[in-house]
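Secondary and tertiary structure notes
Below are the chains, spelled out letter by letter.
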Amino acid sequence: MDTKLRKSKPFTAWLCFFLGVSIIIGLLVIGIAALAHAQGNWVVLKAPFTDYKSSIAFKERTGNYFNKLFSLVADPSSYDIEYMEMTKQVLDDEGDNLKYYAINKDSNLLVKNSAGDLSSIPKSGKIPDLPGYKYIWYFDGQKLWVIDHGKPVDIERLDSGYRGIVPNLRQYTDNPAELVNSEIWLAVKDPLVKNPYGRSGYYAEQQFLPVIGWVYIAFFAVGIALWALAIIRRREKREFDRKLASWSGRMWLEVKIVLSLLALSAVATFTYNYYRGSGIFDWVLDITLTSCFLLLGLWWFYLMLIDLIVNGKNFFTHNSVNSLISWYCKYEKRYSWQKSMLKRAYILLAVEAVMALVSVMFLMGGVAGLSGSALLVALLIAGAGIYLIYRYLKRYDETLSDLGQLMDHIELIKNGDMKTRLEVAADADIYPAAQNLNSIQEGMSIAVAEKIKSERMKIDLITNVSHDLKTPLTSIISYVDLLNKEEGLPEHVNDYIKILAQKSERLKNLIQDLFDLSKASSDNISLDMEKIDLARLIKQTLADMEESINASGLTFRVNIPDEPVYIISDGKKLYRVWENLIANALKYSLTGSRVFIDMSLDNQGALATIKNTADYEMKFSEDEILQRFVRGDESRTTEGSGLGLAIAQSFTQICNGQFSVKIDGDLFKVELGFVTIQES
């Protein structure tokens, strides 16, 4: 579908809604206004579909003509010749449709277009029968008569259609007795004809009313159809409502209030003070203008309503004060956080000083001149100053609260929390710092996760490979053992078998070391934590390795307390630690040197150490020697796996101990720390 067509659908739906509602409300306003204009007489709504001479429009026009005629006769001194001629011209424009005769016997003023002298008409309301003129208004000096086809009409009845139309004839004089010698006669032709020499209002209205009735119905049907279409496409209509709300949301609240007051004032003015013309054409024009202004006001308030619904709180918060503050916040971003905070305080002090000075000037001027407006301005300026201080203190309190959250979040990160994010408002002063801290936290979390993932993959690989190698290696060792028991084999074959046995045993130990190390590193190792005597465990390990110690030619100096040193640990894992450390000393100590094993106690626990003098130059650091597959003496490739110290460190740590290596020249020292418990 074409993009332009798709974008125009919401506007089309809203336009249907706009036109449909406008037409329906406009026609309803016209109908209500017509009823009000006719004093609630429902006949006015039937006028386009009934005989013209039964309509309110016909009666109003006749009443208007009679009123003009009566005003000239009742008080002729109030009007000049020109006005009288203009009034007579209006009446004469009706041509044969109107016959009139008016006389003031006191002033001898006579206004007529009828032939003959009608002054002899009896004052009884019985008007002589005039051929072609069946509708007559007649004032006999005291009473107004309306004669329709020879029968007087009771114009005082509510349903007569004349209430509010018959002019108040007493308004032209303070003394009703002065009207006694006045006589007015006005007759309307039946049927009405077109005046070829002027514009007949009667004839024009008679032609216009039927048309306007059907136009009214047609427009009402179109309005209903458009409204129904808008209801069917209400989703698209709501989409355009949101666009309108987005547009109106850009206006300040103060502008909306001013425009709303102007719209309300315009609606009130044109609703209650519209000009009522002398005929149906003027009345339709007047009520149409009134309906337009009413609809403009209505649609403005509709716009405000959807603005309030869509934008919610922003309807009120988007004002000149907040916009000024927002502009200032953008200005602050040009400077560092510290400078912007200082500038904010300095600007507040400067603005408060200026406002205080201006307020005092208005206050003094108001007191001196006793001017209430000056005093009001002074109070308004003072109130604005107080409001600015309140906003500043509120913002300062929010900033302090956000800083507290920032400090607490730093503490969380220090304690290892990499998931919780610091959430602050987008307009907060520390928002950029909070976002940066969240980014750092996210980066650290990703780095740690990647490192853990990498370590887990390596451990899983080692574990799986170690496990898979055990089965074939067991078979190799079994078959080598069987070959070793064979008799009658050549001497060189027996040598080969011995080498195979040695290498397979070394490979078995290496695989076991890898398996143990991977299990310890992945925290996937079972522990049997119990109360053990650390001093006795070390002595037991030395006793079990006595044969290897004696064969090494090294001298062991052991300084371990005779009394028990109790700790909570796994005895088997800790035995493996000391076995690896002693074996490491036997491999890499200088021939004929001494190996020292000591244990010291203090309030914090027990510290066991083993130190020896290396028979090679130690070119590595403490951290490097603890890496896996790293040997201290790189020239030795036939012994060891490079995992002894790594296994010792891992087992010590999972047994609640502390493991560290220290190097001083050729002196290699390992320290193991444990928390002791009291003997129970």
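Read on for an overview of the structure. Keep in mind the model is a prediction, meaning the values are calculated, not measured.

1. Points about the pattern of salt bridges
With the rule as written, the count across this model stands at 10 salt bridges. A salt bridge links lysine 669 to glutamate 671, with the nearest nitrogen and oxygen atoms 3.3 Å apart. Salt bridges sharing partners connect three or more residues here, namely Lys662, Lys669 and Glu671.

2. So, the side chain of serine 248
Mapped onto the secondary structure, serine 248 falls in helix α6 (residues 234-248). Judged by its relative accessible area of 0%, serine 248 is buried. Of note is the side chain of serine 248, whose polar atom sits 3.1 Å from the side chain of aspartate 307. Those residues in contact with serine 248, other than ones at most four positions away along the chain, are Lys256, Leu303, Met304 and Asp307.

3. A look at the packing of aromatic side chains
If you walk through the whole model with that rule in mind, you get 17 aromatic pairs. On the basis of an interplanar angle of 35° and a centroid distance of 6.5 Å, the ring pair of tyrosine 387 and tyrosine 390 is categorised as tilted. Here tyrosine 390 and tyrosine 387 lie together in helix α12 (residues 372-414), a separation of 3 residues that amounts to about one turn. Judged by its relative accessible area of 36%, tyrosine 387 is partly exposed. Assessed through its relative accessible area of 47%, tyrosine 390 is described here as partly exposed. For the ring pair tyrosine 392 and tyrosine 396, a centre distance of 6.4 Å and an interplane angle of 15° mean the geometry is stacked. Placement of the pair is tyrosine 392 and tyrosine 396 together in helix α12, with a separation of 4 residues, close to one helical turn. Connected via pairs of aromatic rings, a cluster forms that spans Phe11, Trp14, Phe17, Phe18, Phe240, Trp299 and Tyr302.

4. A closer look at the sheet that holds strand β6 (residues 182-189)
Strand order across the open sheet formed by 6 strands is β2-β1-β6-β3-β4-β5, with antiparallel pairing between neighbours. Sheet topology places β2 (109-112) and β5 (151-152) at the edges, where each strand pairs with a single neighbour. Taken together, the 4 bridges between strand β1 (residues 98-104) and β2 define a ladder with antiparallel strand orientation. Paired with isoleucine 103 across the bridge in β2 is leucine 110. Contacts from helix α3 (residues 56-74) reach β1, β2, β3 (133-139), β4 (144-148) and β6 within the one sheet, and its direction differs from that of β6 by about 150°.

5. What about the sheet that holds strand β11 (residues 605-613)?
Remark on secondary structure: sheet strands pair via backbone hydrogen bonds, oriented parallel or antiparallel. In spatial order, the strands read β8-β10-β11-β13-β12; together these 5 strands make up an open sheet with mixed pairing. Each edge of the sheet is formed by a strand with only one pairing partner; in this case those strands are β8 (555-559) and β12 (658-664). Pairwise comparison of adjacent strand axes, ignoring direction, gives a mean angle of 15° for this sheet. Bridge analysis of β12 against strand β13 (residues 667-674) gives 7 bridges, and the strand direction is antiparallel. Bridging across to β13, isoleucine 663 finds its partner in phenylalanine 668.

6. Things to note about the packing of helix α15 (residues 534-544) against helix α17 (residues 571-588)
Taken N-terminus to C-terminus, the directions of α15 and α17 make an angle of 50°; their axes are 10 Å apart at the nearest point. The orientation of α15 relative to α17 falls into the category oblique. With respect to the hand of their crossing, α15 and α17 are arranged in right-handed fashion. On the side of α15, the interface is formed by Leu534, Leu537, Ile538, Thr541, Leu542 and Asp544, while α17 contributes Gly571, Leu574, Tyr575, Trp578, Glu579 and Ile582.

7. Some remarks on a nonpolar patch on the surface
Together, Trp252, Val255, Val258, Leu259 and Leu262 line one region of the surface with nonpolar side chains, adding up to about 420 Å² of accessible area. Accessibility expressed as a relative area gives 54% for leucine 262, which makes it exposed.

8. Details of empty space enclosed by the protein
Counted according to the given criterion, the structure contains 1 cavity of 30 Å³ or more. In this structure, the largest cavity spans a volume of roughly 50 Å³. Lining the largest cavity are Leu581, Asn584, Ala585, Ile610, Asn612, Leu645, Phe668 and Val670. Mapped onto the lining of the largest cavity, the elements with two or more residues apiece are α17, β11 and β13. A breakdown of the residues in the lining of the largest cavity according to their chemical character gives 6 nonpolar, 2 polar and no charged.

9. With respect to helix α10 (residues 320-332)
The terminal C-alpha atoms of α10 lie 18 Å apart, and with 13 residues this matches the ideal 18 Å at 1.5 Å per residue to within 8%. Buried within α10 we find Ser323, Tyr328 and Glu332.

10. Concerning the nonpolar core
Here is a general trend for soluble globular proteins: nonpolar side chains tend to be buried in one another's company. Counting residues in each nonpolar core, the largest one holds 42 residues, and the members touching the most others are Ile538, Phe556, Trp578, Leu581 and Ile610. Looking at this core, the elements with two or more residues in it are α15, α17, β10 (594-602), β11, α19 (644-654), β12 and β13. Per element, the largest residue contribution to this core is 8 residues, and it comes from α17. Setting aside chain neighbours within four positions, we find phenylalanine 556 in contact with Leu542, Ile549, Ile582, Leu586, Val595 and Ile597.

11. Brief notes about a positive patch on the surface
Taken together, the side chains of Arg234, Arg235, Arg238 and Arg242 present a region of like positive charge at the surface. Counting through the fold element by element, arginine 234 comes out in helix α6. By relative accessible area, which is 43% here, arginine 234 ends up partly exposed.

12. Here's the deal with unusual backbone geometry
The peptide bond linking aspartate 190 to proline 191 adopts the cis configuration, its omega dihedral lying at 0°. In this structure, proline 191 sits in the loop between β6 and α5 (201-232). A positive phi angle, close to 65°, is found at asparagine 656, a residue other than glycine. Its location among the elements puts asparagine 656 in the loop between α19 and β12. On the basis of relative accessibility, which here comes to 51%, the residue asparagine 656 falls in the exposed class.

13. Let's talk about the pairing of β1
For β1, a buried count of 6 out of 7 residues is recorded, marking the element as mostly surrounded by other parts of the structure. Examined bridge by bridge, β1 and β6 share 7 bridges and lie antiparallel to one another. Opposite alanine 102, over in β6, you have isoleucine 184 as the bridge partner. Here β1 folds back onto β2 in antiparallel fashion, the turn holding 4 residues, of which asparagine 108 has a positive phi close to 60°.

14. Quick notes on the environment of glutamate 156
Considering the arrangement of structural elements, one finds glutamate 156 in the loop between β5 and β6. Accessibility expressed as a relative area gives 57% for glutamate 156, which makes it exposed. As for glutamate 156 and valine 166, which are separated by 10 residues in sequence, their C-alpha atoms are 9.4 Å apart.

Conventions adopted
- Residues numbered from 1 in each chain as written.
- Predicted model: local features only at pLDDT ≥ 70, side-chain atom pairs only at ≥ 80, totals over all residues.
- Heavy atoms only, no water.
- Salt bridge = Lys/Arg side-chain N within 4 Å of Asp/Glu carboxyl O.
- Helix = DSSP H or I, 4+ residues; strand = E, 2+ residues; numbered from the N terminus.
- Buried < 20%, exposed > 50% of the residue type's maximum accessible area, 1.4 Å probe, protein only.
- Polar contact = N/O pair within 3.5 Å; in protein donor to acceptor, adjacent residues only side chain to side chain.
- Contact = heavy atoms within 4.5 Å.
- Phe/Tyr/Trp six-rings, centres within 6.5 Å; stacked < 30°, edge-to-face > 60°.
- Pairing = 2+ DSSP bridges.
- Axes fitted to C-alpha atoms, helices over the stretch in contact; angles between N-to-C directions.
- Parallel < 35°, antiparallel > 145°, perpendicular 65-115°, else oblique.
- Left-handed = near helix turned anticlockwise from the far one by under 90°.
- Patch = residues over 30% accessible without salt bridge, like charges linked within 9 Å, V, L, I, M, F, W, Y side chains within 5 Å.
- Areas by Shrake-Rupley, 256 points an atom, 1.4 Å probe, with all protein chains shown as cover.
- 1 Å grid on protein atoms, 1.4 Å probe; cavity = no way out; pocket = protein on both sides within 12 Å on 5 of 7 lines; lining within 4 Å.
- Points joined across faces, edges and corners; volume = space filled by probe spheres on them.
- Nonpolar A, V, L, I, M, F, W, Y, C, P; charged D, E, K, R; others polar.
- Expected span 1.5 Å × (residues − 1).
- Core = buried A, V, L, I, M, F, W, Y, C linked by side-chain atoms within 4.5 Å.
- Lys, Arg positive; Asp, Glu negative; His and termini not counted.
- Charge placed at Lys NZ, Arg CZ, Asp CG, Glu CD.

Bear in mind that shape data such as this cannot, by itself, settle questions of function.
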